[in-house]
Amino acid sequence: MDEAKSYHISKHVVMEAYKRVKANKGAAGVDDESIKDFEGNLKDNLYKIWNRMSSGSYFPPPVKTVEIPKADGKKRKLGIPTVGDRIAQMVARMYLEPGVEPHFHPDSYGYRPKKSAIQALGVARERCWRYDWVIDMDIKGFFDNIDHELMMKAVRKHTQEQWILLCVQRWLEAPAQEVDGTMEKRTKGTPQGGVISPLLANMFLHYAFDEWMERRNPGNPFERYADDVVVHCKTEEEAIKLQNSIRERLQACKLELHPEKTKIVHCKDSNRRGNGQHEKFDFLGYTFRPRSSRNKYGQLFTSFSPAMSDKAKQNKRDEIKKWQKEVKTTGTVEELARMANPIVTGWINYYGKFCASELRGTMQYIDSNLIRWAKRKYGKLGRSWRKGTKWLNGIKSRRPTLFRHWLWMQRNDLDRRAV
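Everything in this summary refers to the structure shown in the same document. (Residues numbered from 1 in each chain as written. Predicted model: local features only at pLDDT ≥ 70, side-chain atom pairs only at ≥ 80, totals over all residues. Heavy atoms only, no water.)

### Notes on the environment of H105
1) Next: Note on placement: H105 falls in the loop between α4 (83–100) and α5 (117–130).
2) Next: Exposure remark for H105: the relative accessible area of 11% places this residue in the buried category.
3) Next: Residues H105 and D210 lie 105 residues apart in sequence; the distance between their C-alpha atoms is 6.5 Å.
4) Next: The contact partners of H105, leaving out residues within four places of it in the chain, are R112, H206, D210, E214 and F222.
5) Next: One polar contact links the side chain of H105 to the main-chain amide nitrogen of D107, over a distance of 2.9 Å. (Helix = DSSP H or I, 4+ residues; strand = E, 2+ residues; numbered from the N terminus. Buried < 20%, exposed > 50% of the residue type's maximum accessible area, 1.4 Å probe, protein only. Contact = heavy atoms within 4.5 Å. Polar contact = N/O pair within 3.5 Å; in protein donor to acceptor, adjacent residues only side chain to side chain.)

### Focus on the pattern of salt bridges
As a working rule, side chains carrying opposite charge can pair if their charged atoms are close by.
1) Next: Throughout the structure, instances matching the rule amount to 17 salt bridges.
2) Next: Residue R112 is joined to E101 by a salt bridge in which the shortest nitrogen-to-oxygen separation is 2.6 Å. Placement of the pair is R112 in the loop between α4 and α5 and E101 in the loop between α4 and α5, with a sequence separation of 11 residues.
3) Next: On the basis of relative accessibility, which here comes to 10%, the residue R112 falls in the buried class.
4) Next: Connected through shared salt-bridge partners, D107, R127 and E223 make up one network. (Salt bridge = Lys/Arg side-chain N within 4 Å of Asp/Glu carboxyl O.)

### Considerations on helix α3 (residues 42–55)
1) Next: In this model, α3 (14 residues) spans 20 Å end to end at C-alpha, consistent with the 20 Å of a helix rising 1.5 Å per residue.
2) Next: Restricting attention to buried positions, one finds in α3 the residues N45, L46, I49, W50, M53 and S54. Looking down the long axis of α3, one finds its buried residues gathered within 160 degrees of arc, a one-sided arrangement.
3) Next: Where α3 is buried, its residues touch α1 (11–24), α2 (35–39), α4 and α8 (162–173).
4) Next: A positive phi of about 80 degrees marks G56, the residue just after α3. (Expected span 1.5 Å × (residues − 1). Arc of directions from axis to C-beta.)

### A closer look at helix α10 (residues 236–252)
1) Next: When the terminal C-alpha atoms of α10 are compared, their 25 Å separation across 17 residues agrees well with the 24 Å that a helix rising 1.5 Å per residue should span.
2) Next: Of the positions making up α10, those classed as buried are A239, L242, Q243, I246 and L250. Along the axis of α10, the buried positions cluster into a sector of 110 degrees, meaning they face one direction only. Of the exposed residues in α10, those oriented more than 90 degrees away from the buried face are E237, K241, E248 and A252.
3) Next: Following α10 by one or two positions, K254 has its phi on the positive side, about 65 degrees.

See below:
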């Protein structure tokens, strides 16, 4: 039986929250305490979290700011809470989410149970065949600019639990500890990296965008994954008018459409005449654009469809290059396979879903890097690419299932020959 406190929070929920945070892994926060360190005194640490949250005296520590590179060369700031604070956030999320989730829009796909990016892509693909135009939305600095007052208004719509309201308000206002150690007071936004931030972001955009679209523009379907949104329109004129309305709506919610990254796209295919200023857009790691396809009779036609984006391809190549540093030449090819296979399986499951042939170059790049690794490991291969290729083909013939992408390429080749 839990002790009598101001607010009823189950110790079992706190334990489950810890298990989920542990499963998600993650870096240490401002206290440099890892999950392993936290587990060194697990019982007492979990009791402190429960005790403070149950009494209303829980105050989060500052959030550690880390910078990660973006594809455009700039850097994105992530906020890393401490392990203990991540557990506290998970507790609040576990209590809040079940009551909020049923209210969310069916076309909101990000960070939701039984929803996925692949689902969003599949729906967007089909709608691009039915609607001629798309508004490719970019909300400028969304997570950094969420208005705290409006955010709390959304939270109050779904709970009157004072301990949740207290904690959410404190998490929103928790200061950020910058890379140089200075503290930055937070007056707006919610840190990317927080356990509860995705739920809060979905709540905010549910009222700022989803519900408004359903009420005001029911004839214009959309797909939203967190702050990544595409909206479908029948005509260019309709798209222009709707984009202006969306801009005004977001401004009323103290957000801004990015003036350079937001664009209107013509979904060009064999059946659509005319042109647009833009005829492609990126969504969730895929590029939607006109592509040559064959119908069931083998005839060529142009389809507006998604495939792995060039940006995603470059990101994967950069990651593949790092593998050689992680498994040095003193390691074995089996170690390389054990490290690479789970990662590559994820890529295949995601980027192989639509227009899988665009993934092929990435798979071949893995082989090229295997050869480079082998040439450094085995002096007898020297600088000869021919000898390196012979070494690789030898392993493929002896152990064709060693690397996950070899199996995929074999099946892909068989499928292509069968067409």
